[in-house]
Amino acid sequence: MIEFIDVYKTFEHKGVDRVIALNRINVQIEEGEFVTVIGTNGSGKSTFLNAIAGKFLCDSGSILLDDKDVTRSWEYKRASIIGRVFQNPFTGTSPDLSIMENIRIAELRGLKRGLSGGLSAKNRQRYQETLKSLEMGLENRLDATVGLLSGGQRQALTLLMATLRKPRILLLDEHTAALDPKAAEQIVKLTRRLVDESQLTTVMVTHSMSQALDLGTRILMMHKGKIIGDIKGDERKRTKVRDLLNRFSELRKEELLDDELISMLQEGYY
Amino acid sequence: MTLWFGAISQGLIYSFLALGVYLSFKVLKFPDMTVDGSLVTGAAVTGILLVNGVHPLLVMLIAITAGCIAGIITGLLHTKLKIDPLLSGILMMTALYSINLHILGRSNLPLLRVRSLLTLFQSESFPFSQDVVHLIFFFLLVLIIRFIIVWFLRTDLGLAFRATGDNPAMITAQGVNIHYTKILGLAIANGLTALSGSLIAQYQGFADIGMGIGMLVAGIASVVIGETIAPGKKIKWLITGVIVGSILFRLLIALALKAGLNPIDLKLITALFVLLALCFPMLKKIIKNLFRVKDKE
Ligand SMILES: Nc1ncnc2c1ncn2[C@@H]1O[C@H](COP(=O)(O)OP(=O)(O)O)[C@@H](O)[C@H]1O
Ligand SMILES: [Mg+2]
């Protein structure tokens, strides 16, 4: 379904060495899996999702989606099988366009767009029904511009848009992080429902360990561009927040040792 | 009376330019300097073909196509060679200056006594004066183009085009190649601009190499007026607003000239007007803050 073979990606940063965002990632995600990704800030979680989506070309390695090598394929082409929700509620929708226009755009994700009109009365009714299921009070505001919506409403709409045409892969990048707790909870509920309904293969980045355990069937732990933990199956069922925390604090200890070692070596050198 | 007729006719003719600028500058968020050149291209192509006796309707289509090609090249410079929008347009505009001179063969080409779109509609049988006939012709043409643009912007392709300027990351994630939609938009914008150039050459009776100077700014001025007077945010109101904005802009100019404004200062005043309009949100904030300080005192 999703396969990374030795994927390596660096970014240029002014005045410092290139940052290694993905350091030889090898991972395979099967159809129907719901993977949650956790890790420290800057560990490469977003870069991992962006590599799947094709936001950039990787330095080396290969990426396979649905057994097809997409390593060099454009982002807009991969979009035909990928639905996405971003951390920033502003990223997933077009603010100057109406709710209805946004939904119409999403309904044609990856399809050819021609000179036919999709803003018909028939579609309006259909969209209204779909919006009702969000329980966000959007069903009577089809002509309101999306710029007027709250962050939670936008994320709900984006989630709906990402799944309206069933994607082969759903990518969620900390999509509740920018919301207040109540809205975040609503979005989590909606995520669970939409993913369950269509049995979507999902990769979700989250900053919350409890969310990572609450949702999904498998956990990937990232650190410094590497996948340092892959918890699935029975182990995943037994895992508690405490276990995750322990693994990260172990990591911190190791790193501290590393740093000390380096500074000792440096002192010896001078 | 003829003064007002002239101003309104010009406003209608330049409304294609204003619509083009609306599409590139407002919808795509692409300040496209190409229009300063493609307007002249439209006029030059029209001039030389009319002088050589080509049918005016065919001439109009060729002029629009020439403008579209200019827009496509600007779009290619920007998308494929990653050149900044403003610079892409400036490069194209500069190149067009030479090309336009080549087409014209000289810096000013008179179009007197040639068969043009306007002479097509001359007939003894019309009960009104020629000015009125021209005005009606321009008005009908504007109505048709307005209808087409409003229709296009609500099609699936039109929605993708609008979202491209509004949120390129989102529309890419929805599977749209924004290189394509940007190039398409610039082609339409410059095709419309060339149509303005073509008509203004026929209306004035000459094509001139300098007639494009300041056209982007004039277009922005019309768009700004149009957005201000548009009664709603719906596409059809905005498009109608831009057309009325273009007419008001030409009326304002006519009024200013009648009141004794030196024509030399026209572009200066227009630039100041656009500057003011662009700074308006900032000015509003500053003034608000001033009052707030006063409140405290
Ligand atoms: N577009 C980019 N340009 C430069 N550096 C980037 C870019 N995207 C990510 N990075 C760098 O790559 C590393 C990983 O970033 P990211 O994947 O966003 O981390 P996370 O999502 O886990 O917090 C960071 O050091 C970040 O600065
Ligand atoms: Mg991130």
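Since we're looking at a predicted model, the values are computed, not measured.

Visitor: Please set out helix 9 (residues 178-204) of chain B residue by residue, giving values where relevant.
Guide: All names here are of chain B. For helix 9, built from 27 residues, the straight-helix expectation of 39 Å at 1.5 Å per residue is met to within 8% by its first-to-last C-alpha distance of 39 Å. The element helix 9 is largely enclosed, with a buried count of 22 among its 27 residues. Put simply, Asn177 is the residue that caps the front of helix 9, since its side-chain oxygen is 3.1 Å from the backbone nitrogen of His179. Gly205, located one to two residues past helix 9, shows a positive phi value of around 90 degrees.

Visitor: Outline the sheet that holds strand 4 (residues 60-65) of chain A, listing residues and values.
Guide: All names here are of chain A. One open sheet holds the four strands; their spatial order is 2-1-4-5, and the pairing between them is antiparallel. With partners counted over all chains shown, the strands left at the sheet margins are strand 2 (19-29) and strand 5 (68-69), one partner each. Where strand 1 (residues 2-11) meets strand 4, five bridges bridge the pair, whose relative direction is antiparallel. From the neighbouring strand, Ile5 faces strand 4, where its bridge partner is Ser62. Against the sheet, helix 1 (residues 45-53) touches strand 1, strand 2 and strand 4, its axis set at about 65 degrees to strand 2.

Visitor: Describe the interface of chain A and chain B, with residues and values.
Guide: The interface of chain A with chain B comprises 30 residues on the first partner and 22 residues on the second. Carbon and sulfur atoms supply 59% of the area that chain A and chain B bury against each other, a total of about 2,200 Å² over both sides. Contact with chain B buries surface across chain A, with Tyr76, Arg113 and Leu115 of chain A losing the most and accounting together for 27% of the total. On the surface where chain A and chain B come into contact, there are three salt bridges. One salt bridge connects Lys29 of chain B with Asp96 of chain A, and the closest N-O pair in it is separated by 4.0 Å.

Visitor: Account for the environment of Ile99 of chain A, naming residues and giving values.
Guide: All names here are of chain A. Checked against the element boundaries, Ile99 lands in helix 3 (residues 99-107). A relative accessible area of 0% places Ile99 in the buried class. Considered as a pair, Ile99 and Thr163 are 64 residues apart in the sequence and their alpha carbons are 15 Å apart. Leaving out residues up to four positions away in the same chain, Ile99 has contacts with Leu131, Leu138, Arg141, Leu142, Ala144, Val146, Leu149 and Leu157.

Visitor: How would you explain the pattern of salt bridges if you had to name every residue and give the values?
Guide: Residues and elements named next belong to chain A. Scanning the model with the defined rule gives 18 salt bridges over all chains in all. Arg84 is the salt-bridge partner of Glu75, the closest N and O atoms lying 2.9 Å from each other. With its nearest N and O atoms 2.8 Å apart, the salt bridge here joins Asp230 to Arg218. Within this pair, whereas Asp230 is found in strand 10 (residues 226-232), its partner Arg218 is found in strand 9 (residues 218-223), the two being separated by 12 residues in sequence.

Visitor: Before we move on, can you summarise the site of ligand 1 with the specific residues and values?
Guide: Residue and element names in this part refer to chain A. Lining the immediate surroundings of ligand 1 are Phe11, His13, Val19, Ala21, Thr40, Asn41, Gly42, Ser43, Gly44, Lys45, Ser46 and Thr47. Between Gly42 and ligand 1, the recorded distance is 2.8 Å, taken from a backbone N or O atom to an oxygen atom. In the environment of ligand 1, an oxygen atom lies 3.2 Å from a nitrogen or oxygen atom belonging to the backbone of Ser43. Considering ligand 1 on its own, with 560 Å² of exposed area, one finds that the protein chains cover 64% of that surface. When residues of the shell around ligand 1 are traced back to their parent elements, those giving at least two are strand 2 and helix 1. No other element matches the three residues that helix 1 contributes to the shell around ligand 1. Among the residues forming the shell around ligand 1, the class breakdown is three nonpolar, eight polar and one charged.

Visitor: Kindly report on a nonpolar patch on the surface, identifying the contributing residues and their values.
Guide: Residues and elements named next belong to chain B. Together, Leu57, Leu120, Phe121, Phe126, Phe128, Ile136, Phe139, Leu140 and Leu143 make up a nonpolar patch on the protein surface, roughly 790 Å² of accessible area in all. Among the elements that take part in the nonpolar patch, helix 6 (residues 130-153) stands out by supplying four residues, more than any other. Here Ile136 is to be found in helix 6.

What counts and what doesn't
- Residues numbered from 1 in each chain as written.
- Chains lettered and ligands numbered in written order.
- Predicted model: local features only at pLDDT ≥ 70, side-chain atom pairs only at ≥ 80, totals over all residues.
- Heavy atoms only, no water.
- Helix = DSSP H or I, 4+ residues; strand = E, 2+ residues; numbered from the N terminus.
- Expected span 1.5 Å × (residues − 1).
- Buried < 20%, exposed > 50% of the residue type's maximum accessible area, 1.4 Å probe, protein only.
- Polar contact = N/O pair within 3.5 Å; in protein donor to acceptor, adjacent residues only side chain to side chain.
- Pairing = 2+ DSSP bridges.
- Contact = heavy atoms within 4.5 Å.
- Axes fitted to C-alpha atoms, helices over the stretch in contact; angles between N-to-C directions.
- Buried area = accessible area lost by both parts, 1.4 Å probe.
- Salt bridge = Lys/Arg side-chain N within 4 Å of Asp/Glu carboxyl O.
- Near = heavy atom within 4 Å.
- Areas by Shrake-Rupley, 256 points an atom, 1.4 Å probe, with all protein chains shown as cover.
- Nonpolar A, V, L, I, M, F, W, Y, C, P; charged D, E, K, R; others polar.
- Patch = residues over 30% accessible without salt bridge, like charges linked within 9 Å, V, L, I, M, F, W, Y side chains within 5 Å.

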